[in-house]
Amino acid sequence: MKILLSLICACTLTLAGCAGTPVTYYQLPNSHYQLPSGYYRTPVHIKVVLTDSLNQGNLVYQDSPTTLHFAQNHLWADDLDQEITHILANELNKYSQHFSFMPQSNSKHTLTVYISAFQGSYDGHIHIKGYSMWDGSKEKGQNFNIRLSQQGNGYSNMVKALTKGLEQVAITIAP
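Only a predicted model underlies this, so the values are computations on that prediction, with no experimental measurement involved. Each chain has its residues counted from 1, following the order in which its sequence is written. Residues qualify for local features only when their pLDDT is at least 70, as the model is predicted, and side-chain atom pairs are given and counted only at 80 or more; totals for whole chains, interfaces and linings, by contrast, use all residues. Heavy atoms throughout the structure, all of them, feed into the side-chain values; hydrogens and water do not.

### Things to note about the packing of aromatic side chains
Thought 1: Pairing of aromatic rings covers Phe, Tyr and the six-membered ring of Trp, with a centre-to-centre limit of 6.5 Å; geometry is then stacked below 30 degrees between planes, edge-to-face above 60, and tilted otherwise. Evaluated as defined, the whole model comprises six aromatic pairs.
Thought 2: Judged by centre distance (6.3 Å) and plane angle (55 degrees), the rings of Tyr26 and Tyr155 are tilted. Here Tyr26, found in strand β1 (residues 24-26), pairs with Tyr155, found in helix α3 (residues 155-173); they are 129 residues apart in sequence, far enough to count as distant.
Thought 3: For the pair Phe99 and Trp134, a centre-to-centre distance of 5.3 Å together with 45 degrees between the ring planes defines the contact as tilted. Placement of the pair is Phe99 in strand β5 (residues 99-102) and Trp134 in strand β7 (residues 125-135), with a sequence separation of 35 residues.
Thought 4: Any residue under 20% of the maximum accessible area for its type is buried, any over 50% is exposed, and the rest in between are partly exposed; the area is computed with a 1.4 Å probe on protein chains only. Judged by relative accessible area, which is 10%, Phe99 ranks as buried.
Thought 5: You can call Trp134 buried: its relative accessible area is 11%.
Thought 6: Here the aromatic residues Phe99, Phe101 and Trp134 are joined through ring pairs into a cluster of three or more. A helix here means a DSSP run of H or I that spans at least four residues, while a strand means a run of E at least two residues long, and both kinds are numbered starting from the N terminus.

Rendered as structure tokens:
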């Protein structure tokens, strides 16, 4: 009887250990590219380049002035650089009357957006930092450093705030 009870306890503990914390996947809202409507505009290929630490698939949270936490069970559902590219293209198309921004294009004009920070923070804000550079155009690149208040706790609210931050990035870098 003791052997049977020991065996049942061992199996129960093994199964409980395998259950673990479930993984949650996140997507930036409105991260699907939409072709701009309207009259002819010069096509511009837009691409986003993330720093290596942001390109791992984990949501990032700054938990002190000097440390970053890479979430293990809270991951991006798709490639983050592609989601950001689509959002920035959609937002830039709202503000530009001369250019049509596209994630896939053989255009001779390219806008590259380099992002070095894209995270929530212990201070209750999200932070998005980086710069843009034009190739094949007389337009000038722009630095951006966006800091917005996060409404509510949790990764879902952080993702929503990061999306609003990208709208601010588009306003900052729009030609």
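Having seen it, we continue.
### Quick notes on the pattern of salt bridges
Thought 1: A pairing counts as a salt bridge when a side-chain nitrogen of Lys or Arg comes within 4 Å of a carboxyl oxygen of Asp or Glu. Summed over all chains, the structure comprises two salt bridges.
Thought 2: For Lys94, the salt bridge goes to Glu91, with nearest N and O atoms at 3.0 Å. Linking Lys94 with Glu91, this pair stays in helix α2 (residues 80-95), spanning three residues, or about one helical turn.
Thought 3: Given a relative accessible area of 59%, Lys94 falls into the exposed group.
Thought 4: Exposure remark for Glu91: the relative accessible area of 8% places this residue in the buried category.
Thought 5: The residue Asp123 makes a salt bridge to Arg147 at a minimum N-O spacing of 3.5 Å. One end of the pair, Asp123, is in the loop between β6 (110-121) and β7; the other, Arg147, is in strand β8 (residues 143-149), with 24 residues separating them in the sequence.
Thought 6: Judged by relative accessible area, which is 48%, Arg147 ranks as partly exposed.

### A few points about the layout of surface pockets
Thought 1: In this model, the largest pocket occupies a volume close to 250 Å³.
Thought 2: Of the two site types, the cavity is a set of points on a 1 Å grid over the protein atoms alone where a 1.4 Å probe fits but cannot get out, and the pocket is an open set with protein on both sides within 12 Å along at least five of seven lines, each lined by residues with an atom within 4 Å of a point. Lining the largest pocket are 15 residues, and of these Gln34, Ile87, Asn90, Glu91 and Lys94 lie nearest its centre.
Thought 3: Counting only elements with at least two residues in the lining of the largest pocket, the list comes to α2 and α3.
Thought 4: Note on residue categories: nonpolar means Ala, Val, Leu, Ile, Met, Phe, Trp, Tyr, Cys or Pro, charged means Asp, Glu, Lys or Arg, and polar means any other residue, Gly included. Across the lining of the largest pocket, the residue classes break down as five nonpolar, six polar and four charged. Grid points are joined across faces, edges and corners, and a volume is the space filled by probe spheres set on the points.

Keep in mind that these numbers describe shape and distance, not what the molecule does.
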